[in-house]
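Here is what each chain is made of, one letter per residue.
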Amino acid sequence: MKHKQIVKINTEYIKLDSLLKYVGAVETGGQAKHVVQNGEILVNGEICTQRGKKIYAGYVVTYNENNYEVEADQ
């Protein structure tokens, strides 16, 4: 069963590795780099191997059965 978490950002976008650290999915940037390069992250349902990928409001990032839905905090 997948879990859903809403992630509010107050910038135009957040980079994928920063998002993973922000939500506590990984503890370090090195760990973020590892899981992204291993193809363990989905962005909007597709495997993403770019740790610097810009994640905008409306995107859904999936890792370890967790969905992180990004919303603008306005």
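For the structure itself, look to the data block above.
Residues numbered from 1 in each chain as written. Predicted model: local features only at pLDDT ≥ 70, side-chain atom pairs only at ≥ 80, totals over all residues. Heavy atoms only, no water.

Caption draft 1: Structural context of the pattern of salt bridges. Using the criterion set out here, one finds two salt bridges in the structure. For Glu69, the salt bridge goes to Lys4, with nearest N and O atoms at 3.7 Å. One end of the pair, Glu69, is in strand 7 (residues 66-72); the other, Lys4, is in strand 1 (residues 3-9), and 65 residues separate them in sequence. By relative accessible area, Lys4 is classed as exposed at 58%. Between Glu71 and Lys8 there is a salt bridge, with its nearest N and O atoms 3.1 Å apart. Note that Glu71 is positioned in strand 7 and Lys8 in strand 1, a separation of 63 residues in sequence. A relative accessible area of 41% places Lys8 in the partly exposed class. (Salt bridge = Lys/Arg side-chain N within 4 Å of Asp/Glu carboxyl O. Helix = DSSP H or I, 4+ residues; strand = E, 2+ residues; numbered from the N terminus. Buried < 20%, exposed > 50% of the residue type's maximum accessible area, 1.4 Å probe, protein only.)

Caption draft 2: Spotlight on the environment of Gln5. With respect to the helices, strands and loops of the structure, Gln5 is situated in strand 1. Overall, the relative accessible area of 35% leaves Gln5 in the partly exposed class. Separated by 65 residues in the primary sequence, Gln5 and Val70 have C-alpha atoms spaced 8.6 Å apart. Leave out the neighbours within four places in its chain, and Gln5 touches Val23, Asn67, Tyr68 and Glu69. (Contact = heavy atoms within 4.5 Å.)

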